[in-house]
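Summary of structural features
Each chain, letter by letter, is given below.
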Amino acid sequence: MDMISHGFIAYALLHRLPYSWLVLPIAFMPDIITFLPLLLQGKALTENSKREDVPNYVVTLYAITHSLVTYAVVFLIVAYFFGAWALLLGAWLIHILIDIPLHEADLLPVRFLYPLSNVHINGISYATPQFRLFNYAIITLLYIWGF
Ligand SMILES: [Zn+2]
């Protein structure tokens, strides 16, 4: 899913938390960590990108930042040291859970149990016009009902 949608959805679901503005950078974080090095090189992935266009380090960063195992470890560390602040990491969890069914296996599958397993779902692409329309309709409904 696109980063802006991740931010909208996470904020709609977590806006009642203290310091809820932090939900936005946390919701963007998995994709920023993954793709920023590529962007700094003047490169970017598009909807027409193929697997061979994706450097291996991007595949690895993507697996790490989109792993429920990584999330669980970081959540436990943050919860131990900062208590309830860890609830803000729910934005990261929402990001992963949304991406799992919305990425096709041939480009960047979400290996959600990485590094324990490479299991993934061959999901539907979020980049189709039909899904984007559905996506923004859901986001609109979340904001109508959530605030
Ligand atoms: Zn993502």
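Numbers given for residues are sequential positions, taken from 1 along each chain in its written order. Only residues with pLDDT of at least 70 are given local features in this predicted model, and only at 80 or more are side-chain atom pairs given and counted; all residues enter the totals for whole chains, interfaces and linings.

**Considerations on unusual backbone geometry**
What counts is decided by this rule: Only DSSP runs of H or I covering at least 4 residues are called helices, and only runs of E covering at least 2 are called strands; the numbering of each starts at the N terminus. With C-beta atoms placed from the backbone, a residue is labelled by how many other C-beta atoms lie within 10 Å of its own: buried for 20 or more, exposed for 12 or fewer, partly exposed between the two.
The amide bond that connects Tyr114 to the next residue, Pro115, takes the cis arrangement and shows omega of 5°. For Pro115, the position within the fold is in the loop between α5 (90-99) and α6 (129-146). Positive phi outside glycine occurs at Tyr19, with the angle close to 55°. Within the secondary structure layout, Tyr19 lies in the loop between α1 (3-14) and α2 (23-40). Overall, Tyr19 belongs to the exposed group, with 9 C-beta atoms counted inside 10 Å.

**Let's talk about the environment of Gln41**
With respect to the secondary-structure elements, Gln41 resides in the loop between α2 and α3 (56-65). Given 9 C-beta atoms within 10 Å, Gln41 falls into the exposed group.

**Quick look at the packing of α2 against α5**
Applicable threshold: To obtain an axis, a line is fitted to C-alpha atoms, over the contacting stretch when the element is a helix, and the angle between two such axes runs from 0 to 180 degrees between their N-to-C directions. Roughly parallel means an angle under 35 degrees; roughly antiparallel means over 145; roughly perpendicular covers 65 to 115; every other angle is labelled oblique. In this scheme the crossing of two helices becomes right-handed for a clockwise turn of the near helix relative to the far one and left-handed for an anticlockwise turn of less than a right angle. Residue pairs are scored as contacts if the distance between their C-beta atoms, which are placed from the backbone, is within 7 Å. Residues were grouped as follows: Ala, Val, Leu, Ile, Met, Phe, Trp, Tyr, Cys and Pro as nonpolar; Asp, Glu, Lys and Arg as charged; and all remaining residues, including Gly, as polar.
Two elements in contact, α2 and α5, have axes whose closest approach is 8 Å; the angle formed by their N-to-C orientations is 40°. One finds that α2 runs oblique with respect to α5. Here the hand of the crossing between α2 and α5 comes out right-handed. The segment α2 lies against α5, with Val23, Ile26, Ala27, Met29 and Pro30 engaging Ala91, Trp92, Ile94 and His95. The residue makeup of the contact of α2 with α5, split by class, is 8 nonpolar, 1 polar and no charged.

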